[in-house]
Amino acid sequence: MKRLDQGGRIDRSKPLNVSFDGQSLPAFAGDTLSSAMLAGGVSLVGRSFKYHRPRGVFSAGVEEPGAMVHLRSGDRHEPNARATVTEAFDGLVSTSQNAWPNLQFDIGAANTWLSPFFSAGFYYKTFIGPFKHSTKFWMMCETVIRKAAGMGRASLLSDPDRYEKRGAYCDVLVIGGGVAGLTAALAAGRAGAKVLLVEQDTALGGALLSDPVGGAGDAWIASVLAELQAMDSVRILTRTTAFGAYDGDTYALVERVTDHLRVPEDAQPRQRYWQVHAKRAIMATGAIERPLVFGGNDLPGVMLAGAVRTYLNRFAVLMGERAVVTTNNDSAYSVAADLARSGALVTLVDMRAEVAADTRARAEKAGVFILTGHGVLQAKGGKRLTSVDVVPVDRGSRTSGAVRVIPADVLAISGGWAPAVHLWSQRFGKPVYDAASGSFIAPEDPDKPLQPAGICAAAASLEDVITQAMRRGAEAARATGATGAPGDSPAAFDTGAFWQNDLSPNWAVFDAEGRCKGKAFVDFQHDVKVSDIDQAHLEGYVSVEHLKRYTTLGMATDQGKLANINALSRMAELRGMAIPEVGTTTFRPPFTPITMGALVGHEHGRHFRPTRLSPLHHWHAENGAQMTEAGAWMRPWYYPEKDEDLRAAYIREATHVRTHVGIIDVSTLGKIAVQGPDAAEFLNRVYVNGWKTLAIGRLRYGVMLREDGFVMDDGATARLGEHDYVMTTTTANAAKVLAFAEHLLQTAWKDLRVHVTSVTDQWAAFAIAGPKSRALLQTVSGADLSRDALPNNHWTLAQISGVPVRIHRMSYSGELAYEVYVPSGHAAHVWEALLSAGDDFELRPYGTEAMGALRIEKGHVAGPELDGRTTLKDLGLEGFASSKKPFVGSVLRKRPVLEDPERPTLVGLEIDGDTGAKAGSLLFAANEEPKGHGDGWVSSTTYSPALGRNIALALLKNGKARTGEEIRVVNFVGGEDLKARVVSPQFFDPEGDRQNG
Amino acid sequence: MVEVRSPLRERITPGQFGAPGDAGVVLGNRTLAGLWQIAGWSDFDEAADPVLQALGLTALGSYRQAQQAAGVRAWRTAPDRMLFETPQDLTPFNSAALAVLDLGHARTCITLSGPIARDVLAQVIAVDTAPDVLKPGMFLQTGLHSVAVLVHCTGPDAFEILVPVTWAESVWDILFENALPYGIAVREAA
């Protein structure tokens, strides 16, 4: 292997610092990592998956099965990178993977001697093992298999790079920037369509980039590209892979924005995920060369013929002075000729007995020695190829003569080409077999919005490619409404022969017994041999889908790009069928591996989901609140003083509310405007209690059920005007209740003239609770809030520090309490005014933990009790239900199962001792063995400052009748077993004197 | 009169951020002059007419094209709903036939402009933002970072995004994050 002094599409004026396993590589701008490796004489790049066999560069594209490496280091470390599509850049550090202690001497290579034990399905057989009715054998194997599995090692560090996602819309998406893609884009663009042309390579031109520099192809590309670039309606993306085709004519692309740089600069993303909506798409994705199968076909030095030509002409790397090219088709002849013209001694071994005279003549003129009717029986060498055993073969690929040993540095193989129909298959299912080209293609169907063009439709000449692509481009544009003329086709020029002419179906060389000699690989990445397929067949695997899974063929990161056709060929032979009868598998996205980062985009960390903030959020944070998540909201949990922990802080805060006055931000409550002349009727239907008599200036607590009779939510609703109400919901259920209401109004109750609108953002809300709350609010607002002027469940308008507010008299804590509703843009102003004026009343903020303690003391239900499994009766709320009107859930709540007196009902628990009960603990009778689900569960728990003990709310079977009973509270997870006494859930001020005072 | 505090007050730091050079995107925040929703039922055309007249508008308009009059912007958000940005108090129009709702504190307006504004928008909403599709004067209601927003194209490369105030910081942050590669100029809140 050597870099030629001239030629190639590399920029020799820009040398790059690139290394592999510490070895410096002679790289230039325009190189890939693999071309730099080959130029530097690196033939051993990796070790195979199962047998740890030496593997080198096999291809020059995305299908690469062997040259898989680690890239970069630290938090940018990337495993399983294909060296063939990794652009060389200054500072690129790569290392080998799947080898220990090193690539040259890999202990895992011993597996190759144990290969009889690692044949197809060995993994599944460990499930059975030698021990009857036992998984012991599998358990023993599992550790070893799991440790050995995989190739590269991923980093555990956070990815420091940015990834973007975006949408795009176009008339015609052209996938592939080779001759077909460029031509189709030209036709569609000329016709006036909005075109998006994407190419996974760094440059446009496709297979023409593998031609010698300065040929007719270069002029062709330049001419077409210049015209495309001049069109405003055409957008071109290189370094962009279309990896998925989905319903709704949606395509997923990934653009490698800065993968060719050492690190992304200037806040640029590493990769960008494109979701493209295209009215029509053209798949000009070319074809992938098929390997031939023979012993040692995985040795470093054995390569796809097209790749050998790419390295020679694009990267100026001659793979060897002594080259053998073996083929079953015409396409490899130009490879052999180019190698010979570059000074290599070339032997072309053609499995066909006859070859077209002009094809043969061209190669021989370049100096190629041609052996027809021969095949390669075995490639030989240690860690790289040294010689090739060539034998005469008959039409059935069996050896028919003596072995001839040919010394060789490189063995270029071509078994025909497989059109890259992956995207079509992802979208529409299985492709069909085309006997003429020996390949699977998309069936002709002009109605499909995704059409193949060029080589991927098995076009047999450059002229065919251009003619077909022009037609596809024009048709696609016309289908989107474009009316312009596509113009004349770009002229074709002379190329080497394509693979379809006289393609032989032979794909492997067998000995007289019908076996390949040595280890002959079909799937290089997963180490699946011909003998593995044979074994699967012997074990009865007749379905291609089963064969795939049993042998793991086609299931590696290359997804069978090289393996599928050869595997199907073997299956067909074994079953005595034709390939189409055996069938094929369906491709699924992605076409090539993509990073998780590209799929995630910005939606991770703090952008994983949007966060909802109260208008007072920054006040809480600046004043030392410890925040907690409540659904999408961030809420103040507690405000520690000095070194207080949560427990100390909430006990202090709750105690302060009971003795003085506290203020809490309850802006997170759901708030829904209910407007319209039928608003009262609407409320009557959604709530269990009656609303027809609620007067303006009043508010009422309400409970709503789901249609199945279980409690959905509760809250207070105030009547603001003749046709205006404002409903509050729990923080957790705000969106659900609004959607529920909208659904009913737009489907079942279209007769009601009612609108519901969320006003959660419009209004901030603060609860002010405690014996001094009235005095504080009267002082601040000047309003008369006396018991007579504003009794419980009434509201009034007032002003606080120049801001109009609405004050609701209601209590959630059992204290004298008010809720102040403030336009959210004034929330901070009013909050600060209250706190300022509150100094004289010892006003203190309190958080959700103290709020929880207060509501548990009072026995109010909240989220833990409204968990979707409880009924009105369970919660002691059945008295609210009106018997005079129907409401949502009124029928199904009467189901016998929900009326069962044994159902768990809400009780209070006084816990013995200093340890509080954990929520979720199970309840058992005092003399009962704690087993199973028990008699109920603890829903909410706290230390009660007012009672000076630990208390809890719980749902206990037949709870009301068990008041006074001693029970066990068992937390199986935490290993706690507590004693408790069943009491009324209203622990504090059950008569309501304080809140009604 | 007490100032309406922007939900982005603590978030906005005027200056230049992200990629160096000329900013591709200008981000800012504007407090609405007042935002009102009117909603009606089958006779919405008739019921809304007095409001339209008072605001200098002549018709309910379409669901894509915003309307403008002196000091007023209007968006037809549903067959029986409209949204107005206006300093006028529309409460007097509230009736059995027309539900009037003050949403002036419920939304804030994030402004997004600059030569790359459309690209940034394409990264955050699943709608075609091309100039020949989303033209000046058009608006759409969509999800941005899972938050329901109204996007109004106010110029060739200028947009205003009405965002619920409690979600505003998250929406601002995701726009900022997406705009960083193009260079951002953040304007003082207006």
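Computed from a predicted structure; not experimentally measured.

Participant: What's the story with the overall build of chain B in this structure? I'm lost.
Facilitator: Along its length, chain B carries three helices and twelve strands. Computed over the C-alpha atoms, the radius of gyration of chain B is 17 Å, within 12% of the 16 Å expected from 2.2 N^0.38 for a compact globule of 190 residues. C-alpha extents for chain B along the principal axes are approximately 55 × 40 × 30 Å. Within chain B, the proportion of its 190 residues that are buried is 58%. Excluding contacts between residues fewer than 6 apart, the proportion of contacts in chain B whose partners are at least 24 apart in sequence is 68%. Total accessible area on chain B stands at roughly 7300 Å², and carbon and sulfur atoms take up 53% of it. Computing the positive centroid from 12 side-chain charges and the negative centroid from 20, chain B places the two 2 Å apart.

Participant: Quick question: what am I supposed to make of the interface of chain B and chain A here?
Facilitator: Often, the extent of an interface is quoted as the loss of accessible area on bringing the components together. Taken together, the 54 residues of chain B in the interface contact 53 residues of chain A. Between chain B and chain A lies a buried interface of about 4200 Å² when both sides are counted; carbon and sulfur atoms form 50% of it. One can count seven salt bridges joining chain B with chain A. Notably, a salt bridge pairs aspartate 173 of chain B with arginine 606 of chain A, separated by 2.9 Å at the nearest N-O pair. Where chain B touches chain A, the interface holds 31 residue pairs in polar contact (both at pLDDT 80 or more). If you list the elements that add at least two residues to the side of chain B that touches chain A, you get strand E3 (35-39), strand E7 (99-102), helix H2 (117-124) and helix H3 (168-179) of chain B.

Participant: Looking at this model, I keep getting lost on the sheet that holds strand E47 (residues 936-944) of chain A. Mind explaining?
Facilitator: Residue and element names in this part refer to chain A. The strand order around the closed barrel formed by six strands is E45-E48-E47-E46-E49-E50, and the pairing between neighbours is antiparallel. The average angle at which neighbouring strand axes cross in this sheet is 45°, direction not considered. By the bridge criterion, seven bridges tie strand E45 (residues 904-911) to strand E48 (residues 949-957) in an arrangement that is antiparallel. Directly across from leucine 906, in E48, lies its bridge partner leucine 955. Strands in contact with helix H22 (residues 848-858) are E47 and E48; relative to E47, the strand with the most contacts, it is inclined by about 115°.

Participant: Help me understand helix H13 (residues 564-575) of chain A, please; the structure alone is not making it clear to me.
Facilitator: Residues separated by three or four positions in an α-helix point in the same direction, a consequence of the helix having 3.6 residues per turn. All names here are of chain A. The terminal C-alpha atoms of H13 lie 16 Å apart, and with twelve residues this matches the ideal 16 Å at 1.5 Å per residue to within 8%. The buried fraction of H13 amounts to nine of the twelve residues, a majority that puts the element mostly inside the structure. Within H13 the residues assigned to the buried category are Asn564, Ile565, Asn566, Ala567, Leu568, Ser569, Arg570, Met571 and Ala572. For H13, the elements touching its buried residues are strand E25 (417-419), strand E27 (439-441), strand E29 (521-523), helix H11 (530-538), helix H12 (544-551) and helix H14 (579-582). Trailing H13 by a residue or two, glycine 576 shows a phi angle of about 65°, which is positive.

Participant: Honestly, the sheet that holds strand E18 (residues 322-327) of chain A in this entry has me stumped. Any pointers?
Facilitator: Residue and element names in this part refer to chain A. The strand order across the open sheet built from five strands is E16-E24-E18-E19-E20, with neighbouring strands paired in parallel fashion. The open sheet terminates on both sides in strands that have one partner only, identified here as strand E16 (302-304) and strand E20 (369-372). In this sheet, neighbouring strand axes are inclined to one another by 20° on average, regardless of whether the strands run parallel or antiparallel. Strand direction decides the pairing type here: E16 and strand E24 (residues 410-414), joined by three bridges, are parallel. Within E24, the position partnered with leucine 304 by the bridge is isoleucine 413. In the packing of helix H7 (residues 332-341) onto the sheet, the strands contacted are E18, strand E19 (345-350), E20 and E24, and the crossing angle to E19 comes to about 165°.

Participant: How should the nonpolar core be read in this particular structure?
Facilitator: A general trend in soluble globular proteins is that nonpolar side chains are found buried together. All names here are of chain A. In terms of nonpolar packing, the biggest core is built from 85 residues, with Leu33, Met37, Val302, Met303, Leu339, Val346 and Leu411 touching the most fellow members. Per-element tally for this core: the top contributor is H7, with seven residues. With residues up to four places along the chain from it excluded, the contact list for leucine 411 reads Phe294, Gly301, Val302, Met303, Val324, Thr326, Val376, Ala379, Leu385 and Val388. Counting 38 residues, the second-largest nonpolar core is a separate cluster that includes Ala191, Leu208, Met231 and Ala453.

Participant: Please explain the domain arrangement of chain B as it appears in this structure.
Facilitator: Residue and element names in this part refer to chain B. Taken domain by domain, chain B consists of domain 1 (15-32 + 105-186) and domain 2 (35-102). For domain 1 versus domain 2, the distance between C-alpha centres works out to 25 Å. The interface is formed by 15 residues belonging to domain 1 together with twelve residues belonging to domain 2. Carbon and sulfur atoms make up 55% of the surface buried where domain 1 meets domain 2, a total of about 1200 Å² over both sides. Our count for the domain 1 to domain 2 interface comes out at two salt bridges. Between arginine 73 and glutamate 160 there is a salt bridge; the shortest N-O distance is 2.5 Å. The tally of links from domain 1 across to domain 2 stands at seven residue pairs in polar contact (both at pLDDT 80 or more). Within the side of domain 1 that touches domain 2, the residues separate by chemical class into eight nonpolar, four polar and three charged.

Conventions and cut-offs
Residues numbered from 1 in each chain as written. Chains lettered and ligands numbered in written order. Predicted model: local features only at pLDDT ≥ 70, side-chain atom pairs only at ≥ 80, totals over all residues. Heavy atoms only, no water. Helix = DSSP H or I, 4+ residues; strand = E, 2+ residues; numbered from the N terminus. Rg over C-alpha atoms; globule rule 2.2 N^0.38 Å. Buried < 20%, exposed > 50% of the residue type's maximum accessible area, 1.4 Å probe, protein only. Contact = heavy atoms within 4.5 Å. Areas by Shrake-Rupley, 256 points an atom, 1.4 Å probe, with all protein chains shown as cover. Lys, Arg positive; Asp, Glu negative; His and termini not counted. Charge placed at Lys NZ, Arg CZ, Asp CG, Glu CD. Buried area = accessible area lost by both parts, 1.4 Å probe. Salt bridge = Lys/Arg side-chain N within 4 Å of Asp/Glu carboxyl O. Polar contact = N/O pair within 3.5 Å; in protein donor to acceptor, adjacent residues only side chain to side chain. Pairing = 2+ DSSP bridges. Axes fitted to C-alpha atoms, helices over the stretch in contact; angles between N-to-C directions. Expected span 1.5 Å × (residues − 1). Core = buried A, V, L, I, M, F, W, Y, C linked by side-chain atoms within 4.5 Å. Domains from an automatic or database assignment. Nonpolar A, V, L, I, M, F, W, Y, C, P; charged D, E, K, R; others polar.

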